[in-house]
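Descriptive structure summary
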Amino acid sequence: MTSGRPGRGWMAAAALWSAAYGMSGIHWATGGAGFPFGAGHDPWAHLSALAAVRPARAAPVIATLGLLGALGAVAMAGGWGHGRGRGAALARGALLTLAWAFAAALTLVVPDARVLAVAGYTPLLVVGPLLGWPSDGRVAVALSWPIVNQLVCLGGGLLWAAAAVAYQRRTRGACTSCGRTDRPAAWTTPRAAARWGRWAVAIAAAVPPTYAVTRLAWAFGIPLGGHAAELRVAQAVEGGRVLVAPLALGCTAIAGSLLTLGLVQRWGELFPSWLPLMGGRRVPPALVVAPAAVVSALVLAAGLAIVRLWAAGRFVIEPESWLGSLPMLLWPLWGAALAAATLAYHYRRRGACAACGRS
């Protein structure tokens, strides 16, 4: 992404994604199958912020926005907004507004809480068949086309965020590879990032166990923060065995919490010595930053969706189940804290830039 004119690769990718999704909008507008939003097309549309949209109106909007996004990304890659004149400043502001609006909408509005279910059920999908665990209907829901489409949109949003950052660097005179300037902000120094990053890690690691403890209890038949009658029915269906769905969710949340601690621990910078082949070697920062950034986007999107449902009165916390439901309202805090912790890790570990030499 840094050859030729650095950052253009992200802008080109955003342009291609927007053009492709815009073509999907044209397909749906002309009566094509596969429209992924709204009641009648998404069985769980009530969980989405786009539950009320219909193909007749939404598909042409999707096609138009796709074309607009492709043109905007091409303009960014072509150098629009460079320079010091008023026209350049207006173009720069318009393109940055467009880029960040696409990034925010695609990552925080289109996805709902089901995107996090995909991550939560991953152990069930991978390990379950090997152990002979029974399949769960919720796994099929998590992998249905409306959810796959949400993941596609989330990926497009991350592309737009990367394109926006690259364009912002190029137009403000920062290094296009690392983002540094001759006068860096004090909070981006490794020492400062280590300080505020510890607080972010503490918050991001503390929230998942509040959710995991009830799911692990449910897995073993303990109605902690849940409906005892529903749990007995689920156990009867499973033949009295451990409930694998809550087990997968609980274990994934605990694993995420433990991995978050690595953002401030030595083993997050050097592979533990007991690991074969990699033991004692330096952990590539991108190996940590990339997945942590994706997970923070998943959690934040799911958390905002839960908060939207709660504000609309569609996510009711009942007295007998508040312990199992209330932690989900903390997910926006979890996602934001994880994003901050990931950024702090990046600032601490990025080292000297090979392109500009700044450190």
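This text goes with the structure placed above it.
Not measured: the values here are computed from a predicted model.

Observations regarding the packing of aromatic side chains
Two descriptors summarise a pair of aromatic rings, namely the distance from one centre to the other and the angle between the planes of the rings. With the rule as written, the count across this model stands at 9 aromatic pairs. Their ring planes at 80° and their centres at 5.8 Å tell us that Tyr21 and Trp28 sit as a pair that is edge-to-face. For the ring pair Trp187 and Trp196, a centre distance of 5.9 Å and an interplane angle of 50° mean the geometry is tilted. You can call Trp187 partly exposed: its relative accessible area is 46%.

Considering the packing of helix α3 (residues 86–109) against helix α7 (residues 145–171)
In contact at an axis separation of 7 Å, α3 and α7 are set at 155° when each is read in the N-to-C sense. Taken as axis vectors, α3 and α7 run roughly antiparallel relative to one another. Like other packed secondary-structure pairs, α3 and α7 cross with a definite hand, here left-handed. Taking contact as the criterion, the partners of Ala91, Arg92, Leu95, Leu96, Ala99, Trp100, Phe102, Ala103, Leu106 and Thr107 in α3 are, on α7, Cys153, Leu154, Gly156, Gly157, Leu158, Trp160, Ala161, Ala164, Val165, Tyr167, Gln168 and Thr171. Its residues placed into classes, the contact of α3 with α7 shows 16 nonpolar, 5 polar and 1 charged.

Here we look at the pattern of salt bridges
Summed over the entire model, instances satisfying the criterion amount to 3 salt bridges. For Arg114, the salt bridge identified is with Asp42, shortest N-O distance 2.8 Å. Of the two residues, Arg114 is situated in helix α4 (residues 114–120) and Asp42 in the loop between α1 (8–29) and α2 (55–77); the sequence distance between them amounts to 72 residues. Here Arg114 falls in the buried class, since its relative accessible area comes to 7%. Glu269 is paired through a salt bridge with Arg348; the nearest N and O atoms lie 2.7 Å apart. Within this pair, whereas Glu269 is found in the loop between α10 (244–261) and α11 (285–311), its partner Arg348 is found in helix α13 (residues 331–349), the two being separated by 79 residues in sequence. Taking relative accessible area as the criterion, Arg348 reaches 22% and is therefore assigned partly exposed. The network of salt bridges with shared partners includes Asp42, Asp112 and Arg114.

Points about the side chain of Ser257
If you trace the backbone, Ser257 turns up in helix α10. With relative accessibility at 8%, the residue Ser257 sits in the buried group. The residues touching Ser257, leaving out its near neighbours within four places in the chain, are Ala205, Pro208 and Pro209.

A closer look at α13
Across its 19 residues, α13 extends 27 Å between first and last C-alpha, which sits within 8% of the 27 Å expected from 1.5 Å per residue. Taken together, the buried positions of α13 are Trp331, Pro332, Trp334, Gly335, Ala337, Leu338, Ala341, Thr342, Ala344, Tyr345, Tyr347 and Arg349. Turning to α13, the residues buried within the fold contact α4, α8 (190–219), α10 and α11. Positive phi shows up at Gly351, right after α13, with a value of about 65°.

Considerations on α8
The end-to-end C-alpha distance of α8, which contains 30 residues, comes to 42 Å, matching closely the 44 Å that a straight helix rising 1.5 Å per residue would cover. Ala212 marks where α8 bends most, by close to 25°. Remark: Gly221 follows α8 within two positions and exhibits a positive phi of approximately 85°.

Here we look at the packing of α1 against α2
α2 packs onto α1 with a crossing angle of 160° between their chain directions and a minimal axis gap of 7 Å. The angle between α1 and α2 falls in the class roughly antiparallel. Considering the relative orientation of α1 and α2, their crossing is left-handed. In this structure, α1 uses Arg8, Met11, Ala14, Ala15, Ser18, Ala19, Tyr21, Gly22, Gly25, Ile26, Trp28 and Ala29 to contact α2, whose residues at the interface are Ala59, Pro60, Ile62, Ala63, Gly66, Gly69, Ala70, Ala73, Val74, Met76 and Ala77. Classifying every residue of the contact of α1 with α2 by side-chain character gives 17 nonpolar, 5 polar and 1 charged.

Each value, and the rule that gives it
Sequence positions are assigned chain by chain, starting from 1 and proceeding in written order. Given that the model is predicted, a residue must reach a pLDDT of at least 70 before its local features are reported, and side-chain atom pairs must reach 80 or more before they are shown or counted; all residues, however, enter totals for whole chains, interfaces and linings. Hydrogen atoms and water are omitted, and side-chain values are computed over all heavy atoms in the structure. Pairing of aromatic side chains here covers Phe, Tyr and the six-membered ring of Trp, requires ring centres within 6.5 Å, and sorts the geometry by plane angle: under 30 degrees stacked, over 60 edge-to-face, intermediate tilted. Buried, partly exposed and exposed residues are distinguished by accessible area as a fraction of the type maximum, computed with a 1.4 Å probe on protein chains only: under 20%, between the cut-offs, and over 50%, respectively. Between N-to-C directions, angles cover 0 to 180 degrees, with each direction set by a line fitted to C-alpha atoms, over the stretch in contact for helices. The helix count covers DSSP runs of H or I at least four residues long, the strand count covers runs of E at least two residues long, and both are numbered beginning at the N terminus. Working rule for angles: under 35 degrees goes down as roughly parallel, over 145 as roughly antiparallel, 65 to 115 as roughly perpendicular, anything else as oblique. Each crossing gets its handedness from the near helix: less than a right angle anticlockwise from the far helix is left-handed, clockwise is right-handed. Only heavy atoms enter the contact rule, under which two residues are in contact if any of them lie within 4.5 Å. Three classes are used: nonpolar for Ala, Val, Leu, Ile, Met, Phe, Trp, Tyr, Cys and Pro, charged for Asp, Glu, Lys and Arg, and polar for all others, with Gly counted as polar. In the sections that follow, a salt bridge refers to a side-chain nitrogen of Lys or Arg positioned within 4 Å of a carboxyl oxygen of Asp or Glu. An expected span of 1.5 Å times one less than the residue number is assigned to each helix. Bend at a given residue is defined as the angle between two axes, one fitted to the seven residues that end at that position and one fitted to the seven that begin there.

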